[in-house]
Amino acid sequence: MRRFTIKLIELVVVVFFVSIFTFLLLHLLPGSPAQSILGASATPHAVDVLNKALNLDRPLPVQYVDWIGHIVRGNFGTSYVNGQPVGQAILQHLPVTLELMVLSQLIAFAAAIPLGIWAAYRKNTWVDRIATGGSFALLALPPFILALIFVYVFAVRWHLFPATGFTPLSAGLFENLRTMILPALSLALGSVAIYVRVLRSEMITVLEENFITAARAKGMPSWWILLRHAFRPATFALVTVAGVNIGYLIGGSFIVEDIFALPGVGLLTVDSIFSRDYVTVQGCILVVAIGFVVINFLVDLLYPVLDPRTRDARIGRMAVH
Amino acid sequence: MTVLRHLRPIHPSHVGEDSGAALLELRDVKTHFETARGVIRAVDGVSLTVEKGKILGIVGESGSGKTVLSRSIMGLLPRRGTVRSGEVLFEGRRLSDLPESALRSLRGLELSMVFQDSMSSLNPVVRIGRQITEVLEYHMGVGVAEARHQALELLRAVEVPDPEQRLREYPHQLSGGMRQRVAIAMALSCGPKLLLADEPTTALDVTVQAHVLDLLQDLQEQRDMAMILVTHDLGVVAGRTDEIAVMYAGKVVERAPTRTLFRDMQMPYTQALLRSVPRIDGPPHATFVTIGGRPPDLANPPPGCRFAPRCAYAQDRCRSEEPPLTPGPTAGHFFACWFPLGDTVDAPNPPDRLDREIAAGRGVVS
Amino acid sequence: MGPSLVTVPEASGAEDRSVLLLSPGLLGEGVRKRHLGVLFWVSAGWITLIVMAAILANALPLDNPTAIGNAAPGLGPSWGHLLGTDELGRDLLSRVVFGARISLIVGVTSTVVGLLIGGTLGLIAGYFGGIVDTFISGAVNVLLAFPSLILALAIVTFAGPSLFHVTIAIGVLSIAPLARVVRANTIGYARREFVQAAQVLGVRQRRIIFREIVPNVLPTALSVALVTVPAAILAEGALSFLGLSIQPPTPSWGNMISEGRDVLAKYPLIALWPCLCMLLTVLALNFIGDEVRAYFDVREGGL
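Bear in mind the structure is a predicted one, so any value in this text is a computation, not a measurement.

Q: How do you make sense of the overall build of chain C when you look at a structure like this?
A: Helices and strands together make up the secondary structure of chain C, namely nine helices and two strands. Secondary structure of chain C in N-to-C order comes out as β-β-α-α-α-α-α-α-α-α-α. When each of the 303 residues of chain C is scored for burial, the buried share is 49%. A fraction of 68% describes how many contacts in chain C between residues 6 or more apart in sequence connect residues 24 or more apart.

Okay, here's the thing in structure tokens:
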């Protein structure tokens, strides 16, 4: 319970600073924010009106409190480019991004877990070398390059999947997946590389522990030992890495959505950047950043579930490694 | 305990060599490790036998090869870089002939092991109950409910209080002594014919050591199980074994029935070991007697007798020729020494007080 | 920032343990070599080539990378244009070389910024501990709370797309991992006897830090920085791809890839060359950094 409270306080503090930073972004703009929002063709009168409306003539802290007040009530402002409420736009675009990320992680885990376990078990054999070497190479391939490769091979050359476009789930699962598979793969491969490396490294360490030898002494078969004894302790690091990886995933999804024209939050943000729709950009960044913080918080809460040693605060920690 | 005996699968009669009553026989077993530094000869020609229902004690300093020996018997050595020769025969069957799958069916079922540090030999993230029942379910094909029932029985047999609660707990929630009992329960769950206890009490408090050793002895008697007790402490094996083998630098340097060993030890190393055991009835503030020097580098053992550099009685011959294991004055007594203690050369008085202790059926310490 | 450095907290929340994802060496555990193999020299060779080409770009006999209309669009490789031409007839080889400049400048500069600021912060936090450490670590944690690309995106969007802003943004990103590593290292050394001896002797703090701690922390910090550069290159590539870095017609690998993507079906080579260059450069740098780190580890392990 105590751990939870500490983590919660950390969460609040971090969210607070994230909000401050996002709030200040608008003030990074050269010239007055109002001017930038309205664009170069704005009349001085319009700028004045907006200034008053946005309270831009008030001191910063007051503006911030105002802004936060609106945010917590769900009012992310209104776009001055298309007049749409930002909150609504984000909500509309969110499901696509979520589907993309979930799909990519499912693929990543499905591939990385068996590969990582096998590479650790058959350390230094050709399977291991391919897995390790392959992961190393994949780490140099960012999602946008992978996306282009996939588009070229599977869409341009082989016409298997569409190069761009999105079909929502409501139109049918198969069609939806057809548009999502290439983007999800582009994101997944980078994650696979990381997960395989971490899992392999952790498994190798765990497999050298005494309790593994003891399990062998009991005559338990290898697959049992790998899955029931070795895998569990190795997941702790994997979970942590997965949590941090979501950050890179978010960044990657922005680009992937742009390439494949998937109507997610990433595409919304990028489009808004180029149409100078700064209010929308600010809203998107805030949502994405806070979402990331919250996800990591939840991942942190996962530890006592996975590792029984963290449940008992009073017992001194015994090292697995 | 008897509830387990009748559940054991009937072994198909096997065609094996007839080696008499010996349950386990080691013939010139060698285990060498290939490393960057050279070949480490951890176990360098060990021959032993253990008979059904008997207890063998293996005594040696750290680095003597006793742990590698126990791993060699169980076949738990790393796959790469290990060179093995010699034979391990269990019930007449050559273990080196058996494929890994057959060895797996032996381990846990007929041949099992208790490790030194129970905190590291139990999986910290798996519940105690599961760690016991998995052996029962896998080897004996027992169902989940029945396995749990048997696990409870086992915990009672090893005198763990409140066994229902313990089943649900994790290793870190138990004390050291209780964990070791759990480890023993795990090892005994399928009613093995031979139990290998590798320094089972070294990591425990002195007060707990005696209890656990007594427990082991009781369980061994009840099940008519053979046991190998590996330790560095002569006091541990004094009153609790039928036979003792003393190891040094990968070889057995003296081997005898327990009483014979204590009464009539021949190898100076054995004597030095005995002298280094602190006596509870000694004068207060007595200094510890230690054996000077360190065990030899097993990649480059010295020529001749390996103990010569540290031996108080070493002569020239000791340093150039390695003494073979020769039979001693009594039956079943073997030792490897050119100038054994029985000779008139500076023969010190055997500790007769020890004799009386053994006759009274008590160990020396703990 | 690319995923080159991830910190794995211990299960109980005790001192963090840095899991450097690009270690151990590519050749697997147990291969502790003190000499550097073929792949290392190949990587070093490529990096040297790229760096030299970038530095000497103006002096080399290259076509003007932004001149339109000199040649037909979409030509394949030929003697006149070793890598062909792009959709506007510009020579691809010279574009790639000039693009290398951007990537390298941003990669190195941002890492240096991160090293200087992050390293200093980590040093101070690790050495002084206490409330100073709490503040600095807290700030670093807030920085890390942002998904990396989003942070850079935010800065560049609102400050305006330019090379300078991109460098600053990516530099800010690299502060956190470097600060963490330096801090962890400093803590290790600050407790050692020779530091305590100097403190007892009354040596000024600043002297201690510079004479005793920095030399010990520097090798690790540099090897981490070496691995941070390719991550920075990838980050710049991504931002550039989105059009948020240096603007066309000035070529950068990222915006070349972006332009190439528009004509992917017709002229795939246009996107291929910059992709290949970026890939090889990042791979080579990763490999070198990995080997360097393994090399240093060996030396320390021998102590």
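Having put the structure on the table, let's press on.
Q: What am I meant to see in the overall build of chain A here?
A: Assigned secondary structure in chain A consists of twelve helices and zero strands. N-terminal to C-terminal, the α/β element order of chain A is α-α-α-α-α-α-α-α-α-α-α-α. The principal-axis extents of the C-alpha atoms in chain A amount to approximately 85 × 60 × 35 Å. Taking all 321 residues of chain A together, 45% fall into the buried category. A sequence separation of at least 24 residues applies to 69% of the contacts in chain A between residues at least 6 apart.

Q: I tried to follow the interface of chain B and chain A on my own but got confused; where do I start?
A: In many reports, interface size means the accessible area that the parts give up when they come together. On the side of chain A, 21 residues touch chain B, which itself brings 28 residues to the contact. Within the residue set of the side of chain B that touches chain A, elements represented by two or more residues are α3 (100-106), β6 (111-114), α4 (118-121) and α5 (128-140) of chain B. With four residues, α5(B) is the largest single contributor of residues to the side of chain B that touches chain A. Split into classes, the residues belonging to the side of chain B that touches chain A amount to 15 nonpolar, nine polar and four charged.

Q: I'm lost on the packing of helix α10 (residues 222-260) of chain A against helix α4 (residues 148-159) of chain C in this one. Help?
A: Their axes nearest at 6 Å, the elements α10(A) and α4(C) cross at an angle of 55°. Here α4(C) runs oblique to α10(A), going by the angle between their axes. Every residue of α4(C) that contacts α10(A) at Gly247(A), Tyr248(A), Ile250(A), Gly251(A) and Phe254(A) is listed here: Ser148(C), Leu149(C) and Ile150(C). Grouping the constituent residues of the contact of α10(A) with α4(C) by class yields five nonpolar, three polar and no charged.

Q: Help me understand the pairing of strand β4 (residues 82-90) of chain B in this model?
A: Remark: a regular strand shows side chains that alternate across the two faces of the sheet. Residue and element names in this part refer to chain B. Where strand β1 (residues 22-35) meets β4, eight bridges bridge the pair, whose relative direction is antiparallel. Each bridged residue has a counterpart across the sheet, and for leucine 24 the counterpart in β4 is phenylalanine 90. Both β4 and strand β5 (residues 93-94) contribute to a ladder of two bridges, which runs antiparallel. Across the sheet, residue phenylalanine 90 finds its bridge partner in β5, namely arginine 93. If you look at the hairpin formed by β4 and β5, you'll find two residues sitting between the two strands, and glutamate 91 has a positive phi there, around 50°.

Q: How do you make sense of the sheet that holds strand β8 (residues 226-231) of chain B when you look at a structure like this?
A: Residues and elements named next belong to chain B. Strand order in the open sheet formed by eight strands is β6-β7-β8-β3-β9-β10-β12-β11, and the pairing between neighbours is mixed. In this open sheet, the two edge strands, each paired with only one partner strand, are β6 and β11 (326-327). Of the strand pairs in this sheet, β11 and strand β12 (residues 334-335) are connected by two bridges, and their pairing is antiparallel. Paired with proline 327 across the two strands is phenylalanine 334, which belongs to β12. Where helix α2 (residues 66-74) meets the sheet, its contacts fall on β3 (55-59), β6, β7 (194-198), β8 and β9 (243-248), and the angle it forms with β7 comes to roughly 150°.

Q: Would you explain the pairing of β7(B) in this entry?
A: All names here are of chain B. Of all five residues that make up β7, five are buried, and the element is covered over most of its length. Taking every second residue as pointing to the same face, both faces of β7 are buried, with Leu194, Leu196 and Asp198 on one and Leu195 and Ala197 on the other. Across five bridges, the pairing between β7 and β8 is parallel. Within β8, the position partnered with leucine 194 by the bridge is alanine 226.

Q: I'm lost on the sheet that holds β5(B) in this one. Help?
A: Sheet strands line up and pair through hydrogen bonds in the backbone, either parallel or antiparallel. Residue and element names in this part refer to chain B. Overall, antiparallel pairing links the four strands, which are arranged β2-β1-β4-β5 in an open sheet. The sheet terminates laterally at β2 (38-51) and β5, the two strands that pair on one side only. Together, β1, β2 and β4 form the strand contacts of α2, whose direction differs from that of β2 by roughly 65°.

Q: Explain the interface of chain A and chain C to me, please; I cannot follow it from the model alone.
A: Of the residues lining the interface, 54 residues belong to chain A; the matching set on chain C comes to 40 residues. Those elements that provide at least two residues to the side of chain A that touches chain C are α1 (2-25), α6 (126-138), α7 (143-157), α8 (173-207), α10, α11 (265-274) and α12 (278-306) of chain A. When the residues that make up the side of chain A that touches chain C are grouped by side-chain class, the tally is 39 nonpolar, eight polar and seven charged.

Q: Even after reading the chapter, I still don't get the nonpolar core, so can you show me in this structure?
A: One broad rule of soluble globular proteins: the nonpolar side chains tend to lie buried together. Counting 264 residues, the largest nonpolar core has Tyr195(A), Ala185(B), Val246(B), Val253(B), Ile150(C), Ala152(C) and Ala235(C) as its most contacted members. Per element, the largest residue contribution to this core is 18 residues, and it comes from α10(A).

Q: Hey, could you run me through the packing of helix α2 (residues 92-128) of chain C against helix α7 (residues 205-241) of chain C in this one?
A: Each pair of packed helices gets described by two things: the angle between the helix axes and the distance between those axes. All names here are of chain C. It is at 8 Å that the axes of α2 and α7 come closest, and there the two elements cross at 145°. You can see that α2 and α7 cross each other, and the crossing is right-handed. Taking contact as the criterion, the partners of Ser103, Val106, Gly107, Val108, Ser110, Thr111, Gly114, Leu115, Gly119, Leu123 and Tyr127 in α2 are, on α7, Ile209, Ile213, Ala221, Ala225, Thr228, Val229, Ala232, Ile233, Glu236 and Gly237.

Q: Can you walk me through the confidence of the model for chain C in this structure?
A: It should be kept in mind that the predicted coordinates are not to be read in detail where pLDDT is low. Residues and elements named next belong to chain C. Within chain C, residue pLDDT values average 80, and 85% of them lie at 70 or more. Ranking the elements of chain C by mean pLDDT puts strand β2 (residues 17-19) last with 42 and α2 first with 91. Note that pLDDT drops below 50 for residues 1-31; the model gives that stretch 79 contacts with residues more than four away or on any other chain. Throughout residues 299-303 the model reports pLDDT below 50, and contacts reaching past four residues in sequence, or to other chains, amount to zero contacts. For this predicted complex, the interface score ipTM comes out at 0.84, while the overall pTM is 0.83.

Q: Even after reading the chapter, I still don't get unusual backbone geometry, so can you show me in this structure?
A: For residues besides glycine, phi is generally negative; the peptide bonds are generally trans as well. Backbone torsion omega between Pro248(C) and Pro249(C) reads 10°, so that peptide bond is classified as cis. In this structure, Ala249(B) takes a positive phi of about 50° despite not being glycine. Here Ala249(B) is to be found in the loop between β9 and β10 (251-257). What makes Ala249(B) buried here is the crowd of 23 C-beta atoms within 10 Å.

Q: I would appreciate a short explanation of helix α8 (residues 253-262) of chain C in the present structure.
A: Each α-helix turn comprises 3.6 residues. Residues three or four places apart therefore point the same way. Counting buried residues in α8(C) gives nine out of ten residues, a clear majority hidden from the surface. Among the residues making up α8(C), those that are buried are Trp253(C), Gly254(C), Asn255(C), Met256(C), Ile257(C), Ser258(C), Glu259(C), Gly260(C) and Arg261(C).

Q: What am I meant to see in the environment of Pro143(A) here?
A: Residues and elements named next belong to chain A. Relative to the assigned elements, proline 143 resides in helix α7. Assessed through the 27 C-beta atoms surrounding it within 10 Å, proline 143 is described here as buried. Taking the C-alpha atoms as reference points, proline 143 and glycine 266, separated by 123 residues in sequence, lie 14 Å from one another.

Q: What am I meant to see in the confidence of the model for chain A here?
A: All names here are of chain A. Per-chain confidence: chain A averages 84 in pLDDT, with 93% of residues scoring 70 or above. Across chain A, the element-wise mean pLDDT spans from 69 in helix α2 (residues 33-38) up to 93 in helix α5 (residues 86-121). Note on residues 313-321: pLDDT is under 50 here. Beyond four places in sequence and across chains, it has 15 contacts.

Q: Would you mind going over the environment of Phe128(C) with me for this structure?
A: Turning to its location among the elements, Phe128(C) is positioned in helix α2. Considering only alpha carbons, one finds Phe128(C) and Gln205(C), 77 residues apart in sequence, at a separation of 9.7 Å.

Rules and cut-offs
- Residues numbered from 1 in each chain as written.
- Chains lettered and ligands numbered in written order.
- Predicted model: local features only at pLDDT ≥ 70, side-chain atom pairs only at ≥ 80, totals over all residues.
- Helix = DSSP H or I, 4+ residues; strand = E, 2+ residues; numbered from the N terminus.
- Buried ≥ 20, exposed ≤ 12 C-beta atoms within 10 Å, placed from the backbone.
- Contact = placed C-beta atoms within 7 Å.
- Nonpolar A, V, L, I, M, F, W, Y, C, P; charged D, E, K, R; others polar.
- Axes fitted to C-alpha atoms, helices over the stretch in contact; angles between N-to-C directions.
- Parallel < 35°, antiparallel > 145°, perpendicular 65-115°, else oblique.
- Pairing = 2+ DSSP bridges.
- Core = buried A, V, L, I, M, F, W, Y, C linked by C-beta atoms within 7 Å.
- Left-handed = near helix turned anticlockwise from the far one by under 90°.
- pLDDT = per-residue confidence, 0-100.

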